[in-house]
Number of protein chains: 8
Amino acid sequence: MRIQANSNLLFIGDSITDCGRVRPVGEANPWNWGEVGSGYVRDVAAILGAAYPERAIRVRNVGSSGNTVRDLASRWKPDVTDLAPDWLSIMIGINDVWRQFDSPLAPERAVPLAEYSETLWSLCHRTRPKLKGLVLMTPFMIEANPDDPMRARMDEYGAAVKEISEEFEAVFVDTQAAFNALLQHHHPASIAWDRIHPGPVGHMTIARAFLRGIEAL
Amino acid sequence: MRIQANSNLLFIGDSITDCGRVRPVGEANPWNWGEVGSGYVRDVAAILGAAYPERAIRVRNVGSSGNTVRDLASRWKPDVTDLAPDWLSIMIGINDVWRQFDSPLAPERAVPLAEYSETLWSLCHRTRPKLKGLVLMTPFMIEANPDDPMRARMDEYGAAVKEISEEFEAVFVDTQAAFNALLQHHHPASIAWDRIHPGPVGHMTIARAFLRGIEAL
Amino acid sequence: MRIQANSNLLFIGDSITDCGRVRPVGEANPWNWGEVGSGYVRDVAAILGAAYPERAIRVRNVGSSGNTVRDLASRWKPDVTDLAPDWLSIMIGINDVWRQFDSPLAPERAVPLAEYSETLWSLCHRTRPKLKGLVLMTPFMIEANPDDPMRARMDEYGAAVKEISEEFEAVFVDTQAAFNALLQHHHPASIAWDRIHPGPVGHMTIARAFLRGIEAL
Amino acid sequence: MRIQANSNLLFIGDSITDCGRVRPVGEANPWNWGEVGSGYVRDVAAILGAAYPERAIRVRNVGSSGNTVRDLASRWKPDVTDLAPDWLSIMIGINDVWRQFDSPLAPERAVPLAEYSETLWSLCHRTRPKLKGLVLMTPFMIEANPDDPMRARMDEYGAAVKEISEEFEAVFVDTQAAFNALLQHHHPASIAWDRIHPGPVGHMTIARAFLRGIEAL
Amino acid sequence: MRIQANSNLLFIGDSITDCGRVRPVGEANPWNWGEVGSGYVRDVAAILGAAYPERAIRVRNVGSSGNTVRDLASRWKPDVTDLAPDWLSIMIGINDVWRQFDSPLAPERAVPLAEYSETLWSLCHRTRPKLKGLVLMTPFMIEANPDDPMRARMDEYGAAVKEISEEFEAVFVDTQAAFNALLQHHHPASIAWDRIHPGPVGHMTIARAFLRGIEAL
Amino acid sequence: MRIQANSNLLFIGDSITDCGRVRPVGEANPWNWGEVGSGYVRDVAAILGAAYPERAIRVRNVGSSGNTVRDLASRWKPDVTDLAPDWLSIMIGINDVWRQFDSPLAPERAVPLAEYSETLWSLCHRTRPKLKGLVLMTPFMIEANPDDPMRARMDEYGAAVKEISEEFEAVFVDTQAAFNALLQHHHPASIAWDRIHPGPVGHMTIARAFLRGIEAL
Amino acid sequence: MRIQANSNLLFIGDSITDCGRVRPVGEANPWNWGEVGSGYVRDVAAILGAAYPERAIRVRNVGSSGNTVRDLASRWKPDVTDLAPDWLSIMIGINDVWRQFDSPLAPERAVPLAEYSETLWSLCHRTRPKLKGLVLMTPFMIEANPDDPMRARMDEYGAAVKEISEEFEAVFVDTQAAFNALLQHHHPASIAWDRIHPGPVGHMTIARAFLRGIEAL
Amino acid sequence: MRIQANSNLLFIGDSITDCGRVRPVGEANPWNWGEVGSGYVRDVAAILGAAYPERAIRVRNVGSSGNTVRDLASRWKPDVTDLAPDWLSIMIGINDVWRQFDSPLAPERAVPLAEYSETLWSLCHRTRPKLKGLVLMTPFMIEANPDDPMRARMDEYGAAVKEISEEFEAVFVDTQAAFNALLQHHHPASIAWDRIHPGPVGHMTIARAFLRGIEAL
């Protein structure tokens, strides 16, 4: 288990991370429900609390639905720098890609690959020195067919995350790979209505990929 | 992992099991949220789905808030027998004890130990032969002081569960012991506002005790 | 235009037909909004009213969300026979197939192909003699990849509809084909969040396929 | 079909255009419902999307309930100029006239003909050079009797629209004429409760008049 | 003033009479608001209470929105006979006519003139002997043009009311005539959005016609 | 009838005047309900509209619940002066007195007689020259016993209104006298639950006193 | 203090007793709020619990808003007899009188004195033998003037309660006297908006009169 | 009884004091319910009003849920100084301690003992000279076991209150002692779900301790 006792761990991302977390900062309290939302962050916090109570890890969540990496950059100071995390986990890129496919007539809503990579790189560059640990999670699409144009594009963004991970010695969490394994037993229709927002099994899949990344499973 | 592929697993109990599950029967769908409620049944279903997708275990929940073992007996046919579970998990007794302490003036609301044991025994006797597996979970109180009168009484009910477990070759899950371990690192105030209804860490603690019981952790 | 002046036209089906129509019978009034719901039935009624005002065609809707062909059979007398339509349009089968993929653990919720074909055949057999005209519309999946297992299964159900159409001299409306044409210009993500429930463009696509079928476009 | 591929088309007007569109700008997404409201703009967007998917026309709506031409002038920069439409469609004047008849004691709420014409002319003058195409739709009253004083007044405003249309080489859409045709088969009571706000048949009538204007029907 | 002290006066009719009155029987209490609804019955009750407090007249309201004379006949025993009024006031017929014009495709919703006259005659015949006084009010349309087909039809129903009035020595209240007078100063648009349901001025107009009929103004 | 054709008439006061009127200014439209609230202002507007349609009198309402004369003074410019009424009607003082009796411990909430008289005098002084007509209505208590301390105090405030009326040649409306007459036939319990806020009969009593004052009854 | 340890004490009455208690039976739990409503029963239960914890008195409430003694008689078996109280407290009569004054036109809603006395006598006669103690509380009106007709009538009903009290050796609680004492320092307007339903001070006044009656103050 | 006639008495504190009081200042009106909330302040106000009506004591409440002494200091001027109380009652410290136990990972939310004592001392120092009387109430935990770590810590904060009380000649109210007495007859589960927020019996226990402190019981 790589996260040190008494560390504080911050999650940032889009709706997958948000899941209804409290504003301005969602914080996991053992006796409280909605504060970190109902997604993978809740699962991670619950498992860390139940399995490693002696570590006393503080978990906070600043994910925001609909965000792209461009939105992350615009709120980085209040939502990341000012919270001074020991460990930071970023999962971003789904909306950067999705808007290219669900809103083709409104190109200003999407973020092209080059801008995505540069922005994410720059955020890591700015923050990595102050962290004990950084986790980078790929965006994903719950689609079994690797030739689907949106899945293929998502994989390119995931590859960019991998590259940046290596440069910054981050823990790399391949959520797409985790879903690919799950899709060998399930049709996408049984995991997520829209192939993006999973139910509890999908969120637990993400949580377990994260926990495996920090060697807590 | 003791639950066979393609089994259906049914949970019955009180508010700890219920947690807002859908009526008349809560059923875990991988892509769905509220159906089995927000408690330990959800955690168990999510982890079984994420870690054992190839087993295809169907999870259903008929817990009902406020129930005592007397209520379970009164709805056993429609809610257990008619659903024909392969595996059945029962956690009951918290309200049987709690009403003795929070409603001392209304003794008809509580269930004394003898009636509790006999009723639970009789339900197991009636149903065990049709099951592939039975899980019996103790009731619990999130109270560190074993001399607290309500905690002491709860322990007696837990002991009854243990005895019945042995007679019926059930998987015995000692949730009180699981909470006792957690209480070595946390004051009860950080786990549950009322020392009964825990937040996500407490439910995950129950879920992990269950999973350990069925050898899935 | 094949529907005669002063005819009454009845639509039955699942959520695609329902779209929030009024209970017990949704009826299109020119000055009224929600009565026939917000889907393709509304589009058909609006276009018939605007383009053929002199025909005075009465449009009613008894679609019900979540229905399979089994549900249609169970409510056929009050919802079809008793309303004595001149023309009847049926679109059913999406849930019959979908439940096989999104709820694999609850097989009782789905309808296998044989039962589907026999039930639909029997409903047509019972009602065709009383009708001036019958329209059968295929179920569909907004999925471009014909090898997707659910799309492939849906196509088999569509083929059954085609066969029954021919036997009963029904107007056959191939909604899957209509969506296939649309998918040459759009990724599914831009038509329907869940690849089943389209927005206005998808419903207009269905409406236009229907109107072409009755030679009104 | 006169609107070029990849154009963006903007609608402005009063409640007939608004119909509950999203703020600050309603935008038609193929998979989305309420964004452009539930009126003729939705019908136009749905039909363009279903019939001309290869044109990829972006449809936006900035209609606002209760507006007169005076309100349009006051929000022209943010709501029209800044959105830089390729094609612009304006339908205004109903409230300019209606207030003269339903609020005779509050004359400041209505807009007299001279002010109406001058304002509309000036808006066209200011914007026409930047547009690929302009559509001007008459205001209307769903009243069959041309001698009704409010219908007669509305016709004068419609005549002003026609004149301005010619000067600016706009597509002229005579919605009053479209309703007059419909009124040959329907009493006004069956089209609109208040002789102004039609139901789906009336909105489709407007949409078809628009589509005929741009040669898309 | 023709209504005797300590009489009880009952109003029956459609939405014009109903106006949100309480179920099962609306009753005017001097200190209470909604009980007899917000329409002309409230105005009559308020004026009788303020101008003739010494008469102590009890006012009750059993009007029901959407009713035709057919509906009145079906609820005559519980809603009229059982309440044993001294004076009874009936205003019915608007929906009997309106449905012919707003729902031409659903002829079963309207009531033709012959059935209307016979039913109203038969209700009066059955009840007149038990009454101290009967008031018959015409249905009306807030339409200035007597050649409008719906207004012309409404006038025929009003003529039937007049004839029945004479046969049964009822107080005849010509609400259409009262609105005709008002329409010399107002366009219909300023009295009622739908030419049927007036605002406070229109309801006061009906109330004053009623009061003039009973010689209380 | 003293109010001239085409005049605009403004009402200001407390909750008796307010009665839920629209903000910022309630305005009576013949076809509209809630705009001037549900109290005596509505009754006056409805009767003026029904009985004097040719006068075309515009009625507006800026009464505000809970107001004392102190509150009126603080909002006089926007709510009276800026609206430039031809006729102005003021009814104030109930709360000035009531707070002395229902909140004896919070004396800052009430307005003593001297301050009341001076403030009301000063408002009249400031505005009378710009008016065609001024109406001053007394505050009232629906209490039959003139020795009740609150009723006695209210009478003193009413006397002050009378005096000011005479000085400014205002129409003086003695609402207390109107209620006294009503109380000869009714116990206060049948007019107003709290002896202040009457139901429809009480509001019509106020309205008739007003109408008598302007010679319209 | 006259109520014995471990007794159960039941309150029945009208809205003064009800005050929003839970259905079907309101029961005071020390940790619970709304169960016995927010009125004098709550105050009694709270003071008995705080001042006599060792007595363990169970307090239940079956008061129902709007009830007269006639309503009590009609629900006596389920609401009193079946609950088998040790001590019973009855406060009824306010509505029996009030309806005579607030609804003079609907005499069937009130209960005349003779019927009131006989019914109350008969309920006491039927139940007294099974009770350890009976408390009879007078109805009251928060009106200082004993000549007010409704106050005078209420006093007659209170006198009847006194007489019945003596016959059945009940504890007699004179709530009117308690309010009379309070009215020497307060105008009714500061105790209850409608001279019937008091706020917290009035309810505490009733509670203290009750506690004095059972010698607990 | 130590509080002088016509004094105004102000309560400040946390959720125990707040209990839903009105903003910005809760004020007890005899005829009003929610204004001072539903807790001990309401009980004190009701008993003072019912037992000492001639003293005319004004009771106000500025308690705010979740507050620590740090929050009190930050709002002292508007909420205490500006209201110029004659008597002031402070109960603070529960959250200062509780956050140490329920939120151990967020230490910034709690207030350590030294800061607590100094801040409370300084508030008293600043305000005592302007007061006729000061009441200091201890914070409490409804926990019978004095060795419970949170109860033990709460006792230390209570000891600090006692010390400050003596220095400033305040009335010292030992709420913990009052609860300890109650706990000899009740398990905490019957007084408060979370061992902090009591029901009516617990609030009455606090109110009686307060009243005993001011010699009013």
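Here the structure is shown first, and the text comes after it.
Below: a short report on this structure. Note that the structure is predicted; figures quoted are calculated from it, not measured.

Comments concerning the interface of chain B and chain C
Many authors give the size of an interface as the accessible area that is lost as the parts come together.
Right, so step 1: Counting from both sides, the interface comprises six residues of chain B and, opposite them, seven residues of chain C.
Right, so step 2: When chain B packs against chain C, the two sides together hide about 550 Å² of surface, and 44% of this comes from carbon and sulfur.
Right, so step 3: At the boundary of chain B and chain C, one finds two salt bridges.
Right, so step 4: In this structure, R58 of chain B and E108 of chain C form a salt bridge, with 2.7 Å as the shortest nitrogen-oxygen distance.
Right, so step 5: Between chain B and chain C we count three residue pairs in polar contact (both at pLDDT 80 or more) in total.
Right, so step 6: Residue classes in the side of chain B that touches chain C are distributed as three nonpolar, one polar and two charged.

Describing the interface of chain C and chain D
Right, so step 1: Taken together, the contact pairs 32 residues of chain C with 32 residues of chain D.
Right, so step 2: Together chain C and chain D conceal approximately 2,800 Å² of surface at their shared face, both sides included; 70% is due to carbon and sulfur atoms.
Right, so step 3: Applying the counting criterion to the chain C and chain D interface returns two salt bridges.
Right, so step 4: When the shortest N-O distance is used, the salt bridge between R42 of chain D and D43 of chain C registers 3.5 Å.
Right, so step 5: Where chain C meets chain D, there are four residue pairs in polar contact (both at pLDDT 80 or more).

Quick notes on the relation of the copies chain B and chain C
Right, so step 1: Note on the identical chains: chain B maps onto chain C by a rotation of 90° and an axial translation of 0.1 Å, with an RMSD of 0.0 Å. Taken together, the rotation angle and the small translation identify this as a four-fold axis. Across chain B, the rotation axis passes nearest the C-alpha of R23 of chain B, at a separation of 16 Å.

Points about the state of the cysteines
Right, so step 1: A complete count under the given rule lists zero disulfides over all chains for this structure.
Right, so step 2: C19 of chain B forms no disulfide, and the closest cysteine sulfur to it belongs to C19 of chain A, at a distance of 18 Å.

Quick notes on the sheet that holds strand β1 (residues 8–13) of chain C
All names here are of chain C.
Right, so step 1: If you walk across this open sheet you meet the six strands as β2-β3-β1-β4-β5-β6, and the pairing is mixed. The sheet terminates laterally at β2 (26–27) and β6 (171–173), the two strands that pair on one side only.
Right, so step 2: Direction of pairing for strand β4 (residues 87–91) relative to strand β5 (residues 133–137): parallel, over a ladder of five bridges. By the bridge assignment for β5, L88 is matched with L134.
Right, so step 3: In the packing of helix α7 (residues 149–167) onto the sheet, contacts are made with β5 and β6, and the angle to β6 comes to roughly 165°.

Criteria and cut-off values
- Residues numbered from 1 in each chain as written.
- Chains lettered and ligands numbered in written order.
- Predicted model: local features only at pLDDT ≥ 70, side-chain atom pairs only at ≥ 80, totals over all residues.
- Heavy atoms only, no water.
- Contact = heavy atoms within 4.5 Å.
- Buried area = accessible area lost by both parts, 1.4 Å probe.
- Salt bridge = Lys/Arg side-chain N within 4 Å of Asp/Glu carboxyl O.
- Polar contact = N/O pair within 3.5 Å; in protein donor to acceptor, adjacent residues only side chain to side chain.
- Nonpolar A, V, L, I, M, F, W, Y, C, P; charged D, E, K, R; others polar.
- Least-squares fit on C-alpha atoms with pLDDT ≥ 70 in both.
- Disulfide = S-S within 2.5 Å.
- Pairing = 2+ DSSP bridges.
- Helix = DSSP H or I, 4+ residues; strand = E, 2+ residues; numbered from the N terminus.
- Axes fitted to C-alpha atoms, helices over the stretch in contact; angles between N-to-C directions.

On their own, these measurements won't tell you what the molecule is for.
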